Amino acid sequence: FVDEKGNPKMPHYAYDPRLVKVEDTYYIIWCTDFFGASIGMAKTKDFKTFTRIENPFIPFNRNAVLFPRKVNGMFKMMSRPSDSGHTPFGDIFISESPVKIGSGAAPIETSEGWLLFYHGVATTCNGFVYSMGGAILDINEPSKVLYRCENHLLTPEEPYETCGFVPNVVFPCATLQDEDTGRI
């Protein structure tokens, strides 16, 4: 990792990365700490050199994801403002998640709009449970939610989801899609 002048600049703390290609460049966005929850970002064309980009929203933001193409000629990024109390964002927060909610993988462009997978967190007597939801956002105004799943799409059930460093988590940081078949 280097800064925009080519000087070494490794991230000192990074988690929950997202990767998205916009035109001929890959962007990596992750959660980091910069006097509070914040977003780290870098770009690469060759996966050998990663050029850091200034934090787009600092501090108190996390769960950022870049749209895979410019919308109305502009880069679009979704993030979750965080006051260290994990404040929900957007009108999706009228959901099954009373605690916190954040974007997941890069939105997928469909004929109906942008397909977004996101995570929502509920509090139980055994702690937090992270589940995955889905929504369709307007293709030209992605801040407008057109449709949203009434219930979660995935919730922790298998041992690899219910046990571990952070238990009870289904967290959608990435998707794979096959353009020929339309399968995700």
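Scroll up for the structure.
Residues numbered from 1 in each chain as written. Predicted model: local features only at pLDDT ≥ 70, side-chain atom pairs only at ≥ 80, totals over all residues. Heavy atoms only, no water.

K.L.:
Provide a residue-level description of the side chain of Thr51, including the pertinent values.
P.N.:
On the secondary structure map, Thr51 appears in strand E4 (residues 51-53). Accessibility expressed as a relative area gives 19% for Thr51, which makes it buried. (Helix = DSSP H or I, 4+ residues; strand = E, 2+ residues; numbered from the N terminus. Buried < 20%, exposed > 50% of the residue type's maximum accessible area, 1.4 Å probe, protein only.)

K.L.:
Tell me what's going on with the layout of surface pockets, and back it up with residues and numbers.
P.N.:
Its volume calculated, the largest pocket comes out at about 400 Å³. Taken together, 17 residues make up the lining of the largest pocket; nearest its centre are Val20, Pro68, Ala106, Thr175 and Gln177. Of all the secondary-structure elements, those providing two or more residues to the lining of the largest pocket are strand E1 (15-22) and strand E8 (108-110). Per-element tally for the lining of the largest pocket: the top contributor is E1, with four residues. (1 Å grid on protein atoms, 1.4 Å probe; cavity = no way out; pocket = protein on both sides within 12 Å on 5 of 7 lines; lining within 4 Å. Points joined across faces, edges and corners; volume = space filled by probe spheres on them.)

K.L.:
Talk me through the environment of Asn63; I want residue IDs and the actual numbers.
P.N.:
You can see Asn63 is positioned in strand E5 (residues 61-66). What makes Asn63 buried here is its relative accessible area of 2%. Counting along the chain gives 48 residues from Asn63 to Tyr15, while the straight-line C-alpha distance between them is 9.8 Å.

K.L.:
Summarise the pattern of salt bridges; cite the residues concerned and give the values.
P.N.:
Pairing is possible between side chains of opposite charge, provided their charged atoms come close. With the rule as written, the count across this model stands at two salt bridges. Among the salt bridges present, the one from Lys45 reaches Asp24, with a minimum N-O distance of 3.1 Å. With Lys45 in the loop between strand E3 (37-44) and E4 and Asp24 in the loop between E1 and strand E2 (25-33), this residue pair connects regions lying 21 residues apart in the sequence. (Salt bridge = Lys/Arg side-chain N within 4 Å of Asp/Glu carboxyl O.)

K.L.:
Tell me what's going on with the sheet that holds E2, and back it up with residues and numbers.
P.N.:
The four strands lie next to each other as E1-E2-E3-E4, forming an open sheet whose pairing is antiparallel. Unpaired on one side and paired on the other, E1 and E4 mark the two borders of the sheet. For this sheet the average axis-to-axis angle between neighbouring strands, irrespective of direction, equals 25 degrees. Summarising the sheet, E2 and E3 pair through eight bridges and their orientation is antiparallel. Paired with Thr32 across the strands is Ser38, a residue of E3. (Pairing = 2+ DSSP bridges. Axes fitted to C-alpha atoms, helices over the stretch in contact; angles between N-to-C directions.)

K.L.:
Give a detailed account of the pairing of strand E9 (residues 113-124), specifying residues and quantitative values.
P.N.:
Extensive coverage of E9 is indicated by the burial of nine of its 12 residues. Examined bridge by bridge, strand E7 (residues 100-103) and E9 share four bridges and lie antiparallel to one another. In the sheet register, Ser103 faces E9, and the bridge partner there is Tyr118. Relative to E9, E8 is paired through three bridges, and the arrangement is antiparallel. From the neighbouring strand, Glu109 faces E9, where its bridge partner is Trp114. Connecting E8 to the antiparallel partner E9 that follows it, the hairpin turn spans two residues. Pairing of E9 with strand E10 (residues 127-137), which is carried by 11 bridges, proceeds in the antiparallel orientation. Along E10, the bridge assignment pairs Phe117 with Gly134.

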